[in-house]
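Commentary on secondary and tertiary structure
Residue strings, one per chain:
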Amino acid sequence: MKKMDNKNFIRRIIEEDLSNQKHEKIATRFPPEPNGLMHLGHARAIVMNYILSKDYGGTFNLRFDDTNPIKEDVMYVEGIKRDIAWLGCYWDNLYYASDYFQEMYERAMLLVKKGLAYVCDLSAEEIKDYRGDLKTPGKNSPYKDRSIEENIKLFKGMKNGLYQDGEKVLRAKIDMASPNINMRDPIIYRIQRAYHHNTKDAWCIYPMYDFAHPLEDAIEGITHSLCSLEFEDHRPLYDWFVKHCEMENAPRQIEFGKLKIANEISGKRFIRKLVDDGVVDGWDDPRLITLSGLRRRGVPPLAIHDFIKALGLPKSEGETEMHMLDEFIRHRLKIESRRIHAVIDPIKVIVTNYPDDQRETLTALNNKENEALGERALTFSNELYIEREDFLETKPNKKWKRLSLGLEVRLMHAYFIKANEVEYDENNQVKTIYATYDSETKSGSGFNARKPNGNIHFVDAKNAKPTEFRLYESLVDPDYDSDIDEEAINKNSKIIKRGFIEGNITPEERESFQFTRQGYFTLDQDSNAQTLVFNRTVALRSSFKSKR
RNA sequence: UGGGCUAUAGCCAAGAGGUUAAGGCAUCGGACUUUGACUCCGACAUCGAAGGUUCGAAUCCUUCUAGCCCAGCCA
């Protein structure tokens, strides 16, 4: 796969700003609200803000937008930091919106003193009524004309806890008839007595996003403030606050399309329900596209970077197929992982002409495309396991390049074996294959007198590690074509198989392997001394089905 | 039907009046192969529609059509 890194309109803007000397260096930020964990969709914003700052020699801040204490929790602060660090997007500065509460209050007071903000006593419901709707203009609040002095006193009172929650709000004085509803005297501060994870009980008023966000950006000297499309009609307000609050730096808000993945669940509320109902095994379930889920599944962070870069930063909103990420994952794992044998669904093979008390050790390269990964010892005896799907009693067609009765295949890194007889179990399933091997055909010997009917992998049954394989399929039924809801959940999205890997392999923590001919798998934290547990990260591509 | 956006192949996405309309994923051929993998070669679009401007339009104009977002004291 060739590399690609799409140019995008934001790069163009940045390059212009740099060449015009509008900015000497740029500053970006990722501003999550700590009310849930990050998923692949957020990765676009995280990676792009990070990459852009690095590519143009600027800075990248991580800033928690913690302006609503009733929804937020330190637990998410820690989780988000961990996930972003895992992605390798190291921040130059870590800030919290709450660091700026005092300055925000002062700037809001400035607005009051300039006659650009007022305290409104309308109830939440009345404010909604006065706001009008999409087609009808709003009406002015009866409190809009209070004197500046009164507003100063009232706003101070709000801050000092003189009023009940919800009793008053501070509003910007803009235009109740604006076709842009965001400009209809938006609320700047609300009264909310809630314990804040950072500021504790210092404040009983909290700023609203539309007011807080531009100030946060301006205070940090952010030059390019990227956000998603739904904030496009908030931009006039963003600019209004920067201007009227007399901020020194005027950041530019630029909107891009959110990254949506087809057939995946990303709503925080939905994920939480799946976690609570036990449909998935926590926020880090490998079937989820949360960053923690992807990590547990074994996705290399750089594959996510590759994916994000390939997608670019468009203004259109489509749904990207998961296949695309899969390909970037394989590409990253291909070189960096050891390639070993694992039999996921075993059938026993008895090699009748190999002495029962004999065992030999063969050597195999761990990755022929990356010899730095060294080699390993692989054992061979008269009892082996091969993959159930690698055997059919009679060759079904000329394309069949696996084992059948009377045919010879090469066991990779070992010998040719020929299947002679099968034994069935009570369910009429093949239980044991009796085969003979040919000592002339040892791998590496240069034997080429006969061509085998294919090459398959195996594990020495006398030296095999019991392993649980967790094979994941889409959590969402691919055939479900209406909007994703609970009906769409694929109940068989997690398939557990029990088999073996080579006995001489000792995986490292979270090591990713290529199990030859099958796919990439990563050691799961549920592994223990008796049984290894592997998550399938992604299967190898296969043209087998389409050729059959 | 108020305002703000979007529309290029099955899926993403470059493209800024003159290019054979990049590239990736997927698909389909073929070569190679001790992974039916990898790799390599090859195939695969007239740009939402209709008009217009121009010697020349995916790019400019007009009118349509379709989809998304906005009426939280959420972000």
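What you see is a predicted model, and the numbers here were worked out from it, not measured in a lab. (Residues numbered from 1 in each chain as written. Chains lettered and ligands numbered in written order. Predicted model: local features only at pLDDT ≥ 70, side-chain atom pairs only at ≥ 80, totals over all residues. Heavy atoms only, no water.)

1. Regarding the overall build of chain A
- A tally of helices and strands in chain A yields 13 helices and 27 strands.
- By its C-alpha atoms, chain A is 100 × 55 × 40 Å across when sized along the principal axes.
- By the burial criterion, 53% of the 548 residues in chain A qualify as buried.
- For chain A, the proportion of contacts with a sequence separation of at least 24, taken over those separated by at least 6, is 71%.
- Carbon together with sulfur atoms contributes 46% to the accessible area of chain A, which is approximately 25,600 Å² in total.
- Both charge centroids of chain A, one from 83 positive and one from 89 negative side chains, sit 3 Å from each other. (Helix = DSSP H or I, 4+ residues; strand = E, 2+ residues; numbered from the N terminus. Buried < 20%, exposed > 50% of the residue type's maximum accessible area, 1.4 Å probe, protein only. Contact = heavy atoms within 4.5 Å. Areas by Shrake-Rupley, 256 points an atom, 1.4 Å probe, with all protein chains shown as cover. Lys, Arg positive; Asp, Glu negative; His and termini not counted. Charge placed at Lys NZ, Arg CZ, Asp CG, Glu CD.)

2. Observations regarding helix α6 (residues 148–159)
- The end-to-end C-alpha separation of α6 is 16 Å, in line with the 16 Å expected for 12 residues at 1.5 Å each.
- Buried residues belonging to α6 abut α4 (101–113), β4 (117–120), β5 (169–172), β6 (187–191) and β7 (205–207). (Expected span 1.5 Å × (residues − 1).)

3. Some details on unusual backbone geometry
- For D185, which is not glycine, the phi torsion reads 45° and is therefore positive.
- Its place among the elements puts D185 in the loop between β5 and β6.
- For D185, a relative accessible area of 1% gives the class buried.
- Positive phi, normally seen in glycine, also occurs at H413, with a value near 70°.
- If you trace the backbone, H413 turns up in the loop between β18 (408–411) and β19 (416–424).

4. Brief notes about the pattern of salt bridges
- As enumerated under the stated definition, the model contains 46 salt bridges in all.
- With a closest N to O distance of 4.0 Å, E423 and K431 form a salt bridge.
- Connected via shared salt-bridge partners are D284, R296, E468, R470, R498, D524 and D526. (Salt bridge = Lys/Arg side-chain N within 4 Å of Asp/Glu carboxyl O.)

5. Here's the deal with helix α9 (residues 268–276)
- Within α9, burial applies to F270, I271 and L274. Down the axis of α9, the buried side of the element spans an arc of 100°, and every buried residue falls inside it. Exposed residues lying more than 90 degrees from the buried face of α9 are R269 and D276.
- Directly after α9, the chain includes G278, whose backbone phi takes a positive value near 75°. (Arc of directions from axis to C-beta.)

6. Some words on the sheet that holds strand β27 (residues 532–539)
- The mixed open sheet is built from 7 strands, whose spatial order is β12-β25-β26-β27-β23-β24-β13. Only two strands of the sheet have a single neighbouring strand rather than two, namely β12 (338–340) and β13 (342–343).
- Examined bridge by bridge, strand β26 (residues 519–523) and β27 share 5 bridges and lie antiparallel to one another. Each residue of the ladder has a partner; that of G519, found in β27, is A539.
- Sheet strands touched by helix α12 (residues 322–336): β12, β25 (512–515), β26 and β27. Its angle to β27, the strand with the most contacts, is close to 125°. (Pairing = 2+ DSSP bridges. Axes fitted to C-alpha atoms, helices over the stretch in contact; angles between N-to-C directions.)

7. Focus: the environment of F534
- Checked against the element boundaries, F534 lands in strand β27.
- Note on F534: relative accessible area 0%, which makes it buried.
- For the pair F534 and D133, spaced 401 residues apart in the sequence, the C-alpha separation amounts to 54 Å.

8. Let's talk about the packing of aromatic side chains
- This structure, assessed with the given rule, holds 28 aromatic pairs.
- Where F64 meets Y96, the ring centres are 5.5 Å apart and the plane angle is 25°; that geometry is what we call stacked. In this pair, F64 is assigned in strand β2 (residues 59–64) and Y96 in strand β3 (residues 93–96), connecting sequence segments 32 residues apart.
- Note on F380 and Y437: the rings are 6.1 Å apart at their centroids and 50° apart in plane angle, and the pair reads as tilted. With a gap of 57 residues between them, F380 in strand β16 (residues 375–380) and Y437 in strand β20 (residues 430–438) connect regions that are remote in the sequence. The exposure classification of F380 matches that of Y437, with both residues buried.
- Three or more aromatic residues joined by ring pairs make a cluster, and in this case those are F101, Y105, F155, Y189, W203, Y206, F211, W240 and F241.
- If you follow K139 out to its NZ or CZ, it ends over the ring of Y130, 4.7 Å from the centre.
- Directly above the aromatic system of F544 lies the positively charged group of R402, at a separation of 4.1 Å from the ring centroid. (Phe/Tyr/Trp six-rings, centres within 6.5 Å; stacked < 30°, edge-to-face > 60°. Lys NZ or Arg CZ within 6 Å of the ring centre and 35° of its normal.)

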